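The chain contents come next:
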Amino acid sequence: MKDWKEALAGLKQENLFRETCSYAPEDAVHVRLEGRSYLLLASNNYLGLTHSPAVKEAARAAIDRWGTGSGGARLTTGSHPLYAELETELARFKGTEAAVVFNTGYMANVGTISAVAGSGDVIFSDALNHASIIDGCRLSKARTVIFRHNDMPHLAACLAQVPCTGQRLIVVDGVFSMDGDMAPLKEITQLAERYSALVMVDEAHAAGVIGPAGAGAAAYWGVKDRISIHMGTLSKALASEGGYVAGSRELIAYLVNKARSFIFSTALSPASVAAALAALRELKKQPDLAERLLSNAQFVRRQLIDAGFAVSREPTPIIPVMVGSAAKAVQLSQALKEAGILISAIRPPTVPPDASRLRLTVSAAHEQTELAAAVQKIAKAAQDLGVLKGGSI
Ligand code: PMP
């Protein structure tokens, strides 16, 4: 048994202690906390659709018609009518035969990987994949081989050298959640074909964000049809909660029968499913939303580079401001909070030791004037703390 008192003391000493905090949203990008309004540069609400009148109305109407809870698991009585509509629209959005909704993105990854990969199989997983992919690999009975982040020669070497009596599966984030860079899916699909491996892509931070019509990373790289398992979330650009997997009819039927996180959990409420469905329709109706998001992201990246930060020009809204130590990351986040801006400090175990950072995220709902003012405040706070020295980090 763990000694949790001692563990907590250790976390505090290492600046790794965390606690939840109650933020009251004012709109998609401002929150109220302890009587003060803050600019939010830390949310995954990429399109700002949590506050879209159409999305909110759809959730309200679903409650009026079907009540608040689903009352059962998907395979018992929990599959209320909006599920079929959402799954059909998700399959159309991803250009696949079928899709299935899970209760969270986390559950989609854990349930899918542990259902499809078994003993004799080998999973090749990027070193910076999301925790839910890591947990899915651990739960499966397959051997897992971690390849260096986005390192294609290393992946090729692993594929060539690791013996496999069953099926190979390569799994990556389309857009990496803490670094905001993209997996090179063209090269990955080429390697997969050479070694008869299946490819699974987690599109949590890509669907609704990048690619034609916001269809995600696989569509961005033009390799959509070479990916066997398209995973995504309803909790980010789609302004609700839940996760999904899109793919062939057989894959989806298999997951419905075998993915334990799908089978053994009460289905999402009508309001959550309705909100995701309405957000998906808004995404289609308003293609300028995703364009605005990326233009805001490029704007902030340029402004940060001009201020002296080492920031890449990836076309994604996740922008890591590297700080190094967990203590400095917490101090910078705290200084920005005092300046009216919320950006989370990301520390181990989420990122490697000495790679602590502020994870800045941009939304389509931000105004560029407030983004420009925020970058000035970030630069000033970083200089005051000595993490942006002489205009460069
Ligand atoms: N995959 C990635 C890449 C993520 O970043 C996250 C959550 N942030 C998830 C999966 C899990 O999704 P959810 O929050 O919907 O459970």
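By convention here, each chain's residues receive numbers from 1 onward along its written sequence. Where totals are concerned, whole chains, interfaces and linings use all residues; where local detail is concerned, this predicted model gives features only for residues with pLDDT of at least 70, and gives and counts side-chain atom pairs only at 80 or more. Hydrogens are left out, water is left out, and the side-chain values use all remaining heavy atoms of the structure.

A closer look at the UniProt feature "modified residue: N6-(pyridoxal phosphate)lysine" (unreviewed entry) in the protein
UniProt positions are given in the numbering used here, feature names are shortened, and annotations may be inferred rather than shown by experiment. With numbering matched to this structure, UniProt assigns "modified residue: N6-(pyridoxal phosphate)lysine" (unreviewed entry) to Lys236. Helix numbering and strand numbering both begin at the N terminus, where a helix is a DSSP run of H or I of at least 4 residues and a strand a DSSP run of E of at least 2. With respect to the element layout, lysine 236 can be found in the loop between strand S9 (229-233) and strand S10 (243-247). Contact between two residues is taken to exist if any of their heavy atoms lie within 4.5 Å; hydrogens are not considered. In this structure, lysine 236 is in contact with Asn44, Asn45, Tyr46, Ala204 and His205, ignoring residues within four places of it in sequence.

A short note on helix H5 (residues 131-139)
Three exposure classes are used, based on accessible area relative to the maximum for each residue type with a 1.4 Å probe and protein chains only: buried under 20%, partly exposed in between, and exposed over 50%. Of all the positions in H5, only Ser132, Ile133, Gly136 and Cys137 are classed as buried. Down the axis of H5, the sector holding all buried residues measures 140°, keeping them to one side. In H5, the exposed positions angled more than 90 degrees off the buried face are occupied by Arg138 and Leu139. At its buried positions, H5 is contacted by helix H4 (105-116), strand S5 (122-126), strand S6 (143-147), strand S7 (168-173) and strand S8 (197-202). As used here, the arc belongs to the directions running from the helix axis to the C-beta atoms.

Considering the pattern of salt bridges
The working definition used for a salt bridge is a side-chain nitrogen of Lys or Arg within 4 Å of a carboxyl oxygen of Asp or Glu. Within the structure shown, the criterion is met by 16 salt bridges. Between arginine 281 and glutamate 89 there is a salt bridge; the shortest N-O distance is 3.1 Å. Within this pair, whereas arginine 281 is found in helix H11 (residues 270-285), its partner glutamate 89 is found in helix H3 (residues 82-94), the two being separated by 192 residues in sequence. Owing to a relative accessible area of 11%, glutamate 89 belongs among the buried residues under this scheme.

Focus: the environment of valine 199
Along the polypeptide, valine 199 turns up in strand S8. Classification of valine 199 by relative accessible area gives buried; the value is 1%. Sequence separation between valine 199 and isoleucine 227 is 28 residues, and the spatial gap between their C-alpha atoms is 5.2 Å. If sequence neighbours within four positions are ignored, valine 199 has contacts with Leu169, Ile170, Ile188, Ala192, Arg226, Ile227, Ser228 and Ile229.

With respect to the site of the ligand
Here a residue is considered near a molecule or strand provided that any single heavy atom belonging to it is located within 4 Å of it. Taken together, 15 residues form the shell around the ligand, and within it Tyr106, Asp202, His205, Ser235 and Lys236 come nearest. Two N or O atoms count as a polar contact when they lie within 3.5 Å, although within protein this holds only if one can serve as hydrogen donor and the other as acceptor, and sequence-adjacent residues are included solely when both atoms are side-chain atoms. Within the side chain of histidine 205, one N or O atom sits 2.6 Å away from an oxygen atom of the ligand. At 3.0 Å, a side-chain N or O of lysine 236 approaches a nitrogen atom of the ligand. Exposure was quantified through the Shrake-Rupley algorithm and a 1.4 Å probe, taking into account, for residues, occlusion by the shown protein chains and nothing else. Here the ligand loses 82% of its free accessible area of 390 Å² to cover by the protein chains. Here the shell around the ligand takes three residues from H4, the largest share from any one element. Throughout this entry, Asp, Glu, Lys and Arg are counted as charged residues, while Ala, Val, Leu, Ile, Met, Phe, Trp, Tyr, Cys and Pro are counted as nonpolar. The remaining residues, Gly among them, count as polar. Taken together, the residues that form the shell around the ligand break down as two nonpolar, ten polar and three charged.

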